[in-house]
Amino acid sequence: AQSVAQPEDQVNVAEGNPLTVKCTYSVSGNPYLFWYVQYPNRGLQFLLKYITGDNLVKGSYGFEAEFNKSQTSFHLKKPSALVSDSALYFCAVRALDMGRRALTFGSGTRLQVQP
Amino acid sequence: SAVISQKPSRDICQRGTSLTIQCQVDSQVTMMFWYRQQPGQSLTLIATANQGSEATYESGFVIDKFPISRPNLTFSTLTVSNMSPEDSSIYLCSVEPGLAGFQFFGPGTRLTVL
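Residues numbered from 1 in each chain as written. Chains lettered and ligands numbered in written order. Predicted model: local features only at pLDDT ≥ 70, side-chain atom pairs only at ≥ 80, totals over all residues. Heavy atoms only, no water.

**Looking at the interface of chain A and chain B**
Where the parts come together, the accessible area they lose is often given as the size of the interface. This is how the line gets drawn: Here, residues are in contact when the closest pair of their heavy atoms is within 4.5 Å. By buried area we mean how much accessible surface two parts lose on assembly, using a 1.4 Å probe and totalling the loss over both. When a carboxyl oxygen of Asp or Glu lies within 4 Å of a side-chain nitrogen of Lys or Arg, that pair is called a salt bridge. Identification of polar contacts relies on pairs of N or O atoms within 3.5 Å, with a donor-acceptor requirement for protein atoms, meaning one able to donate a hydrogen and the other able to accept it, and with residues adjacent in sequence counted only if both atoms are side-chain atoms. Strands are runs of DSSP state E lasting at least 2 residues, helices are runs of H or I lasting at least 4, and numbering of each runs from the N terminus. All residues other than Ala, Val, Leu, Ile, Met, Phe, Trp, Tyr, Cys, Pro, Asp, Glu, Lys and Arg, Gly among them, are scored as polar; the first ten of these are nonpolar and the last four charged.
In this assembly, 20 residues from chain A lie in contact with 21 residues from chain B. Taken together, both faces of the contact between chain A and chain B bury some 1,500 Å²; the carbon and sulfur share is 52%. When the buried surface of chain A facing chain B is broken down by residue, A:Leu44, A:Arg101 and A:Phe105 rank first, second and third, together holding 31% of it. At the boundary of chain A with chain B, the tally comes to one salt bridge. For the interface between chain A and chain B, the tally reads five residue pairs in polar contact (both at pLDDT 80 or more). When residues of the side of chain A that touches chain B are traced back to their parent elements, those giving at least two are strand 5 (31-38), strand 6 (44-50) and strand 10 (87-95) of chain A. The residue inventory of the side of chain A that touches chain B, partitioned by class, reads 10 nonpolar, five polar and five charged.

**A word on the packing of aromatic side chains**
Heads up, the condition is: Centres within 6.5 Å make a pair out of two Phe, Tyr or Trp rings, where for Trp the six-membered ring is used; the pair is then stacked when the planes are under 30 degrees apart, edge-to-face when over 60, and tilted otherwise. Three exposure classes are used, based on accessible area relative to the maximum for each residue type with a 1.4 Å probe and protein chains only: buried under 20%, partly exposed in between, and exposed over 50%.
The full count for this structure, using the stated rule, is 17 aromatic pairs over all chains. Relative to A:Tyr89, the ring of A:Phe63 lies with its centre 5.5 Å away and its plane at 50°, an arrangement referred to as tilted. Residue A:Phe63 is located in the loop between strand 7 (56-58) and strand 8 (64-68), and its partner A:Tyr89 is located in strand 10; the two are separated by 26 residues in the primary sequence. Relative accessible area serves as the criterion here: at 0%, A:Tyr89 is assigned to the buried category. Judged by centre distance (5.4 Å) and plane angle (50°), the rings of B:Tyr35 and B:Phe105 are tilted. You can see B:Tyr35 sitting in strand 4 (residues 31-37) and its partner B:Phe105 sitting in strand 10 (residues 104-105), a full 70 residues away along the chain. With a relative accessible area of 10%, B:Phe105 lands in the buried category. Through successive ring pairs, a cluster of aromatic residues spans A:Tyr32, A:Phe34, A:Tyr36, A:Phe46, A:Phe90, A:Phe105, B:Tyr35, B:Phe102, B:Phe104 and B:Phe105.

Any functional reading would require information that these geometric values do not contain.
In C-alpha cells, the structure reads:
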C-alpha cells in the first residue's frame, strides 16, 4: 500500500519570503512523486514530478521540490512567494509499477501568502 | 498534453436519484481515472477505466453505486446511483497520455445532493 502525508493543513508566508510545503511518502519500491495545485473552483494543475535523476526538480511557476530518499520526503519550495501562489497544494505518489498508474494523494496543504 | 472537459460542471440533485457525469478528452488515452473529492478533503480514487474492459474499482467503491462506461478511447461516463447527501462531492476524471509521465485532470463536477 502507498500513502502520502502532508503534516500541515495550512502554511502562512509573507509575500517575497521563501516557502516550503512538506510531504512525506510511503511506497513499496521506487516512487513517482508529484505536486499539484488547486485554485478555487478549478481542477488540479500539475506543478512538477520526480521520477528519477536529480533530486532537485524544477517545475511550473518557479516552484521546485527536493526528493530525499532517506527521509522519504518530497517538499515543495519556492524562493520568493507571490500572493497569487495562494491555493491548495497536493502531493501525490505512485509506485513504479506500470500496472498501477493511479495516484494516491495527500490531504492537501492550503498556502496563504500575505501581501 | 490533454484537454479534458466534464459535463455537467455542477448539479443539485434530490436524494434517491442518479446522475451521469461525462468526461471527454481531446486525444486517445488508454486509461482514464475517476476521483472523488469530498468537501474540504483530498482526492480519493474511485476506479480506473480501460476501454473495452470493465472498470477496476478501489476498496469501498462498487459498480452498482458507481457504474462506469468507457465506450472509446476519448470518452467515459461515471454514474452516481441512488444518491444520498454523503455523495455530495467534486468528481474529477483524469488521464495520463502516453509520454506525459503525469496525469491531467478535468475541471471537475460539483455535485450537491439534497
